[in-house]
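Tertiary structure, described
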Amino acid sequence: MSIHRFPHTNLYLWTAVIATVTIIFGLVSLGTGLGIESGLPVPADIPGGCILLLIGAILITGIIEGRKDRARWVQYGYTGLLLLLIFGVCTLLIAGAQAISLMIEGEFTDMGTLTGSGFIWGAILAIPAYPGIRRILFGCSQGGAF
């Protein structure tokens, strides 16, 4: 009896780490937006917290479905990581533009909200995983084994 071992177990586990961090940031961001003090420099953003929870749910669904069918993990993982990267870049561009406009006006710029954003941390964690999962997805689409 041989155990079928997949070559991308570390990538599967890294997706679980990204999902956990995304859900935690989503809950803290949502709680801060509702008035619950956390003491963390996470911005109070109710819609952003909901989006982070949604992306975390996509990744968790992929992890759960991936135990039975690895192709499902690849599909959900690719979608979740791509969304994290898109929202992370958009958050970085918006925060950068806001900081530049505040500097031009001579006002104080607070970069703490940028470093506390769940989208930024999710994108930072997704950067090393995205090329690997993209390669697996491309291999699956070409009819190869993953």
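Residues numbered from 1 in each chain as written. Predicted model: local features only at pLDDT ≥ 70, side-chain atom pairs only at ≥ 80, totals over all residues. Heavy atoms only, no water.

**Description of the overall build of the protein**
Within the protein one finds five helices and zero strands. Along the chain direction, N to C, the helices and strands of the protein fall in the order α-α-α-α-α. The 146 residues of the protein split such that 35% are buried. In the protein, the proportion of contacts linking residues at least 24 apart, taken out of those at least 6 apart, comes to 68%. Carbon and sulfur atoms provide 69% of the accessible area of the protein, an area that totals close to 8700 Å². (Helix = DSSP H or I, 4+ residues; strand = E, 2+ residues; numbered from the N terminus. Buried < 20%, exposed > 50% of the residue type's maximum accessible area, 1.4 Å probe, protein only. Contact = heavy atoms within 4.5 Å. Areas by Shrake-Rupley, 256 points an atom, 1.4 Å probe, with all protein chains shown as cover.)

**Quick word on the packing of helix 2 (residues 46–66) against helix 3 (residues 70–105)**
Helix 3 packs onto helix 2 with a crossing angle of 160 degrees between their chain directions and a minimal axis gap of 7 Å. The angle between helix 2 and helix 3 places the two elements in the roughly antiparallel class. Here the hand of the crossing between helix 2 and helix 3 comes out left-handed. Here Ile-51, Leu-52, Ile-55, Ile-58, Leu-59, Thr-61, Gly-62, Ile-63, Glu-65 and Gly-66 of helix 2 come into contact with helix 3, specifically with Arg-70, Arg-72, Trp-73, Tyr-76, Gly-77, Gly-80, Leu-81, Leu-83, Leu-84 and Phe-87. Of the residues in the contact of helix 2 with helix 3, the class split is 12 nonpolar, five polar and three charged. (Axes fitted to C-alpha atoms, helices over the stretch in contact; angles between N-to-C directions. Parallel < 35°, antiparallel > 145°, perpendicular 65-115°, else oblique. Left-handed = near helix turned anticlockwise from the far one by under 90°. Nonpolar A, V, L, I, M, F, W, Y, C, P; charged D, E, K, R; others polar.)

**Considerations on the environment of Ala-71**
Among the structural elements, Ala-71 can be located in helix 3. Residues Ala-71 and Ile-136, 65 residues apart in the sequence, show an inter-C-alpha distance of 9.1 Å.

**Section: the nonpolar core**
Judged by nonpolar contacts, the single largest core of 24 residues is most densely connected at Leu-11, Ile-18, Leu-59, Trp-73, Leu-81, Leu-84 and Ile-133. Elements supplying a minimum of two residues to this core: helix 1 (9–33), helix 2, helix 3 and helix 5 (118–141). Considering each element in turn, this core owes the most residues, eight residues, to helix 5. Ignoring any residue separated from it by four or fewer positions in sequence, one finds Leu-11 in contact with Trp-73, Ala-129, Gly-132, Ile-133 and Ile-136. (Core = buried A, V, L, I, M, F, W, Y, C linked by side-chain atoms within 4.5 Å.)

**Description of helix 2**
Between its first and last C-alpha atoms helix 2 spans 30 Å; for 21 residues at 1.5 Å apiece the expected length is 30 Å, and the two agree. Taken as a whole, helix 2 has its buried residues at Gly-48, Gly-49, Leu-52, Ile-55, Gly-56, Ile-58, Leu-59, Gly-62, Ile-63 and Gly-66. With a side-chain oxygen positioned 3.2 Å from the backbone nitrogen of Gly-48, the residue opening helix 2 is Asp-45. (Expected span 1.5 Å × (residues − 1). Polar contact = N/O pair within 3.5 Å; in protein donor to acceptor, adjacent residues only side chain to side chain.)

**As for the environment of Thr-109**
Within the secondary structure layout, Thr-109 lies in the loop between helix 3 and helix 4 (112–115). Separated by 11 residues in sequence, Thr-109 and Gln-98 have C-alpha atoms that sit 8.5 Å apart. Residue contacts for Thr-109: discarding those within four places in its chain leaves Ala-99, Leu-102 and Met-103.

**Observations concerning helix 3**
The end-to-end C-alpha distance of helix 3, which contains 36 residues, comes to 52 Å, matching closely the 52 Å that a straight helix rising 1.5 Å per residue would cover. When helix 3 is considered as a whole, its buried residues turn out to be Arg-70, Trp-73, Val-74, Gly-77, Gly-80, Leu-81, Leu-84, Leu-85, Gly-88, Thr-91, Ala-95 and Ala-99. Gly-106, located one to two residues past helix 3, shows a positive phi value of around 80 degrees.

**So, the side chain of Ser-29**
Here Ser-29 is to be found in helix 1. Taking relative accessible area as the criterion, Ser-29 reaches 4% and is therefore assigned buried. With residues up to four places along the chain from it excluded, the contact list for Ser-29 reads Val-42, Pro-43, Ala-44, Asp-45 and Gly-49.

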